[in-house]
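One letter stands for each residue in the lines below.
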Amino acid sequence: MQATYDFGLIGLGVMGRNFILNVADNGFKAFGYDLNTDQVAALKAEGNPDQVDATSDIVTFTQSLSLPRKIMLLVPAGKIVDQVIESLLPHLDKDDIIIDGGNSFFTDTDRREEYLKEKGIHFFGSGVSGGAKGARKGPSIMPGGNKEAYQHVKPIFEAVSTKYKGEPCVAYLGPKSAGNYVKMVHNGIEYSMMQLTSEIYDLLKKSVGLSNSELHEVYSTWNSGRLQSFLVEITAEIFTQKDTLTGGDLVDLILDKAKQKGTGKWTSQNAMDLGIPVPTIDMAVSMREISALKEERVLADQLYSRPTPLPISKAEMIAQAEQALYFSFIISYSQGLHQLADASREYGYELDMAVIAKIWRAGCIIRAGLLADIADAFTAKPDLANLLLSPAFVGKVQDTLPAVRSLVAYAAQSGIPVPGLASALSYFDAYTSSNLPLNLIQAQRDHFGSHTYERIDREGIFHTEWGDQ
Ligand code: 6PG
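About the criteria used
Residues numbered from 1 in each chain as written. Predicted model: local features only at pLDDT ≥ 70, side-chain atom pairs only at ≥ 80, totals over all residues. Heavy atoms only, no water. Near = heavy atom within 4 Å. Polar contact = N/O pair within 3.5 Å; in protein donor to acceptor, adjacent residues only side chain to side chain. Areas by Shrake-Rupley, 256 points an atom, 1.4 Å probe, with all protein chains shown as cover. Helix = DSSP H or I, 4+ residues; strand = E, 2+ residues; numbered from the N terminus. Nonpolar A, V, L, I, M, F, W, Y, C, P; charged D, E, K, R; others polar. Domains from an automatic or database assignment. Phe/Tyr/Trp six-rings, centres within 6.5 Å; stacked < 30°, edge-to-face > 60°. Buried < 20%, exposed > 50% of the residue type's maximum accessible area, 1.4 Å probe, protein only. Lys NZ or Arg CZ within 6 Å of the ring centre and 35° of its normal. Pairing = 2+ DSSP bridges. Axes fitted to C-alpha atoms, helices over the stretch in contact; angles between N-to-C directions. Contact = heavy atoms within 4.5 Å. 1 Å grid on protein atoms, 1.4 Å probe; cavity = no way out; pocket = protein on both sides within 12 Å on 5 of 7 lines; lining within 4 Å. Points joined across faces, edges and corners; volume = space filled by probe spheres on them.

### Quick notes on the site of the ligand
Move 1: Neighbouring residues of the ligand: 14 residues in total, closest Ser129, Glu190, Tyr191, Lys261 and Arg288.
Move 2: Here Asn103 contributes a side-chain N or O atom positioned 2.9 Å from an oxygen atom of the ligand.
Move 3: Within the side chain of Lys183, an N or O atom sits 2.8 Å from an oxygen atom of the ligand.
Move 4: Relative to its unbound accessible surface of 410 Å², the ligand loses 79% to contact with the protein.
Move 5: The element best represented in the shell around the ligand is helix α8 (residues 178-208), accounting for five residues.
Move 6: Taken together, the residues that form the shell around the ligand break down as two nonpolar, eight polar and four charged.
Move 7: Both of domain 1 (7-176) and domain 2 (183-431) provide at least three residues apiece to the shell around the ligand.

Here it is as C-alpha cells:
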C-alpha cells in the first residue's frame, strides 16, 4: 500500500461524498472511508479512479494517506465524532491532523483538541457551510485550531472553497474551537434571516394577497438589488416549485412546523452566558418552537378573534417590506457579530471580524451582498463593538426606519405575527437609547432585595430603606 493520498475523508454521506469529489477535482488525491459499503461503492463509481478511492477498512485507509495525515470527518455531531476519533487513534502518527467538518458544539471541540494534543495529534473544528451543493462546488470553510498545523491543510481548503472575486472563502480563524464557534453563530444568523424572510412572505401574502408567482417576482427583483443573498434567491425559487404528487404549488403543501438540529439554540444559549443580547436570533429559535405546537395553535386560533388586515396598496407594502428585510438582515448580522466579538475576548479566539465577513461573502448559507459592506466596515474599524456603530451603516439603517416602523405597526394592527422583525426594531431602539427605564428595575431590586444601585450624580454603591421616610 502506498501512502500517496493527500487527503482522507470519513463519512461518505451526501456532504462527505461531495466534499471529497471537490477535493479530487482540485488536483488532490483523496481517500474516503465509511463503514457502509454502499457509500464506498457510490464514491468509487462517481470519482475519477486516478484521484479518488474508498474503503471500509481503517488500516487500508490510514496507510494510504501521506504524512502528516489530513483526515476530515463529515459525520453527525455528537458521540459518533468521539467514536470515530477512537477508531482512528491506533493507526495515526504524531503530527497527523484530524478535521471535524460537522456542526459540533464548541466545548466538545475544545475537549477533543486537548485530548488529542496529549497524543501529538492536531485537531481542527472546522465549520463547512453551503449544503450539499456547496460541498461539491465550493463551500465557505471556517477552520480553527493549531495555526502551524493549518499550513498543511491550507492549500487543500483554499482550493476547494468557493471564491469571492478570486479570494478563497476560507481562512484560519483562531485557536481551539474558534472555527466551530464561528460556524455556530453563522447558523444563529441563518435562523434569524430565515425567520425574517418568512415573516415578510406572510405579510405580503396576508396583507395584499400576493400569489406565489407574484412572490417569486418580488423576491427575484429583491435578489437583484441590495437584498441580494442566497436565502432571498432560494426563496424566489421556492415559490415556483410544483408538487409532483398534486401538481399544486409545493410551498402551500408543506406543514408549518420547522425542525432544528440545535445550532441556533446553542447560539442563543451561549449569547446568554456571555451576556450579549441577540434577541432576533432568540426569537427565530422560539418561533421554531412555537411552530412545533401546531395542535395548540389550531386550538388557540379558534378561541380568539383576529383583526382583518388594514387596507394598503401592493406597491406600498412591497416597498416597505424590502426596507424592513434590509434593515432586519443588518440587525441579524449586527447581533451575531457582536456575539462573536465578545466570544473572541472571552475564549481567546483572536477573531478578525473583517476576515469572517469576507469568508461569508460567498459559499455559505448567509452569503449576501451586504457582507462586502460589513467586511469594509470592520476593515476600517477592526475593534467595532457593534455594526450599528459603524459610520458606514448609520445612513443605511436610518433610511429604512420610517418604513420599518410603519410595517411593524401595520402588522400589529392587522394581527399578523412579525416577532423577528419587531424584535429587530425593538433591539435597535433599545441599543440606540441613551436612557432606558432600567433605573426602575434597579430601584425595584433594591426595594425588595437590598440589591443596591449606582447613581447618575455620584460614584459609589447605594442602598435605600424604601418607604422608610
Ligand atoms: C450550512 C447549514 C447547515 C445545516 C443547518 C441546518 O451552513 O450549510 O447551516 O449546517 O443545514 O445546520 O440547521 P437546522 O436543521 O437546525 O435548521
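From this point, the discussion proceeds with the structure in view.
### Digging into the packing of aromatic side chains
Move 1: One pass over the full model with this rule turns up 21 aromatic pairs.
Move 2: Each ring, one from Phe106 and one from Tyr181, has its centre 4.9 Å from the other, and the planes form 80°; the classification is edge-to-face. Of this pair, Phe106 sits in helix α5 (residues 106-118) while Tyr181 sits in helix α8, placing them 75 residues apart in sequence. Take Phe106 and Tyr181: they sit in the same class, and that class is buried.
Move 3: Through a chain of ring-to-ring contacts, three or more aromatic side chains come together here, namely Phe105, Phe106, Tyr181, Trp266, Tyr347 and Tyr349.
Move 4: The ring of Tyr191 has Arg288 lying over it, and the distance from NZ or CZ to the ring centre is 3.6 Å.

### Quick word on the sheet that holds strand β3 (residues 52-55)
Move 1: In space, the seven strands of this open sheet follow the order β3-β2-β1-β4-β5-β6-β7, with mixed pairing throughout. Strands at the two margins of the open sheet, each flanked by one partner only, are β3 and β7 (140-144). Geometrically, the sheet is characterised by an average inter-axis angle of 25° between neighbouring strands, direction not taken into account.
Move 2: On top of the sheet, helix α4 (residues 79-88) reaches β1 (7-10), β4 (70-73), β5 (97-100) and β6 (122-129); it is set at about 155° to β4, its chief contact.
Move 3: Strand contacts of α5: β5 and β6, with the helix running at about 150° to β6, the strand carrying the most contacts.

### Considering empty space enclosed by the protein
Move 1: Across all of its chains, the model carries one cavity of 30 Å³ or more by this definition.
Move 2: Considering only enclosed or pocket space, the largest cavity measures out at about 40 Å³ in volume.
Move 3: Around the largest cavity, the lining residues are Gly102, Asn103, Ser104, Asn180, Lys183, Met184, Thr263 and Trp266.
Move 4: Of all the secondary-structure elements, those providing two or more residues to the lining of the largest cavity are α8 and α11 (263-274).
Move 5: Ranked by the residues each element gives to the lining of the largest cavity, the list is headed by α8, at three residues.
Move 6: When the residues that make up the lining of the largest cavity are grouped by side-chain class, the tally is two nonpolar, five polar and one charged.
Move 7: Taken domain by domain, the makeup of the lining of the largest cavity includes at least three residues from each of domain 1 (7-176) and domain 2 (183-431).

### Regarding unusual backbone geometry
Move 1: Residues Leu67 and Pro68 are joined by a peptide bond in cis, for which omega reads -15°.
Move 2: Within the element layout of this structure, Pro68 appears in the loop between α3 (58-63) and β4.
Move 3: Here the phi dihedral of Ser450 falls at roughly 50°; this positive angle occurs in a residue that is not glycine.
Move 4: Inspection of the secondary structure puts Ser450 in the segment after α19 (438-449).
Move 5: On the basis of relative accessibility, which here comes to 45%, the residue Ser450 falls in the partly exposed class.
Move 6: Positive phi values are uncommon outside glycine, yet Thr452 reaches one of about 70°.
Move 7: Mapped onto the elements of the fold, Thr452 is located in the segment after α19.
Move 8: Owing to a relative accessible area of 27%, Thr452 belongs among the partly exposed residues under this scheme.

### Points about the domain arrangement of the chain
Move 1: According to the domain assignment, the chain contains domain 1 (7-176), domain 2 (183-431) and domain 3 (437-469).
Move 2: A straight line from the C-alpha centre of domain 1 to that of domain 3 covers 55 Å.

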